[in-house]
Amino acid sequence: EINKNFSFPLKDQKGEEVSRIEYSIIDAELQDQIISKGKSYTTVKGRTILVLNLKITNQHDKSIEISTRDYIRLVVGDSKEYLAADIRNDPVMVQAISTKYTRLGFPIYDTDKNLKVLVGEIGSSKKEEVAINF
């Protein structure tokens, strides 16, 4: 269980904030097989998939499309590398004034430890670190 909530601005074409997007990480799980966009992915020996279950809430009175992977990066151990999700359903369509559940998948090694995700907008220096412990 993670249950971390984040709020990001929804901007119009002029860059003006018109509403907010609520982006929540519900939980994380490890899986050796996952289905995304109708395709089945199975890991090879020594690998697994870190799956983050997300909840996206659109408070705006219009539908939006969001690339959920643009708000989150995985860091393994003390690495300085930021990994983007390889398995995703982006773009995710969230209807007006509604909530959509989706997930992101990161292929990792079975031996990877000290996992954490950085959550925030691309280009922003403000990122929150969330530890993923199993």
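In this text the structure is predicted, and so the values were computed from the model without any measurement.

Peer 1: I would appreciate a short explanation of the overall build of the chain in the present structure.
Peer 2: What the chain contains, in helices and strands, is 0 helices and 11 strands. For the chain, the α and β elements follow one another from N to C terminus as β-β-β-β-β-β-β-β-β-β-β. Against the compact-globule benchmark of 14 Å for 134 residues, the chain has a radius of gyration of 15 Å, which places it among compact chains. Projected onto its principal axes, the C-alpha positions of the chain cover 45 × 35 × 25 Å. When each of the 134 residues of the chain is scored for burial, the buried share is 39%.

Peer 1: I'm lost on the side chain of His60 in this one. Help?
Peer 2: Looking at the secondary structure, you find His60 in the loop between β5 (47–58) and β6 (64–66). The class of His60 is buried, set by a relative accessible area of 16%. Non-local contacts of His60, meaning those with residues more than four positions away in its chain, are made with Leu10, Val18, Ser19, Ala96 and Ile97.

Peer 1: Explain the sheet that holds strand β10 (residues 115–119) here, please?
Peer 2: Strand pairing in a sheet relies on backbone hydrogen bonds. The paired strands run either parallel or antiparallel. Taken together, the 3 strands give an open sheet; going across it, the order is β7-β10-β11, and neighbouring strands pair in antiparallel fashion. Looking at the sheet topology across the chains shown, the edges are occupied by β7 (72–76) and β11 (128–132). Mean inter-strand twist for the sheet, computed between neighbouring axes without regard to direction, equals 25 degrees. For β7 and β10, the ladder comprises 5 bridges, and the chain directions are antiparallel. Each bridged residue has a counterpart across the sheet, and for Ile72 the counterpart in β10 is Val119.

Peer 1: Whenever I open this one, the pattern of salt bridges confuses me. Can you help?
Peer 2: Between side chains of opposite charge, a pair can form when the charged atoms approach closely. This model, assessed by the stated rule, comprises 5 salt bridges. Where Arg20 meets Glu17, a salt bridge forms, and the shortest distance between an N and an O atom there is 3.3 Å. Ionic pairing is found between Glu129 and Lys116, a salt bridge with its closest N-O pair at 3.7 Å. Of this pair, Glu129 sits in strand β11 while Lys116 sits in strand β10, and the two are 13 residues apart along the sequence.

Peer 1: It is not clear to me how the packing of aromatic side chains should be interpreted in this structure. Could you clarify?
Peer 2: Think of a pair of aromatic rings as described by two things: how far the centres are apart, and how the planes are tilted against each other in angle. Within the structure shown, the criterion is met by 3 aromatic pairs. Ring plane angle 80 degrees and centroid distance 5.8 Å describe the contact between Phe8 and Tyr23, whose orientation is recorded as edge-to-face. Taken as a pair, Phe8 in strand β1 (residues 4–11) and Tyr23 in strand β2 (residues 17–31) lie far apart in primary sequence, 15 residues in all. Per residue, the accessibility class of Phe8 equals that of Tyr23, and both read buried. A connected cluster of aromatic rings, assembled from ring pairs, spans Phe8, Tyr23 and Tyr71. Here Arg47 stacks its cationic end above the ring of Tyr109, 4.2 Å away from the centre of that ring.

Cut-offs and rules
Residues numbered from 1 in each chain as written. Predicted model: local features only at pLDDT ≥ 70, side-chain atom pairs only at ≥ 80, totals over all residues. Heavy atoms only, no water. Helix = DSSP H or I, 4+ residues; strand = E, 2+ residues; numbered from the N terminus. Rg over C-alpha atoms; globule rule 2.2 N^0.38 Å. Buried < 20%, exposed > 50% of the residue type's maximum accessible area, 1.4 Å probe, protein only. Contact = heavy atoms within 4.5 Å. Pairing = 2+ DSSP bridges. Axes fitted to C-alpha atoms, helices over the stretch in contact; angles between N-to-C directions. Salt bridge = Lys/Arg side-chain N within 4 Å of Asp/Glu carboxyl O. Phe/Tyr/Trp six-rings, centres within 6.5 Å; stacked < 30°, edge-to-face > 60°. Lys NZ or Arg CZ within 6 Å of the ring centre and 35° of its normal.

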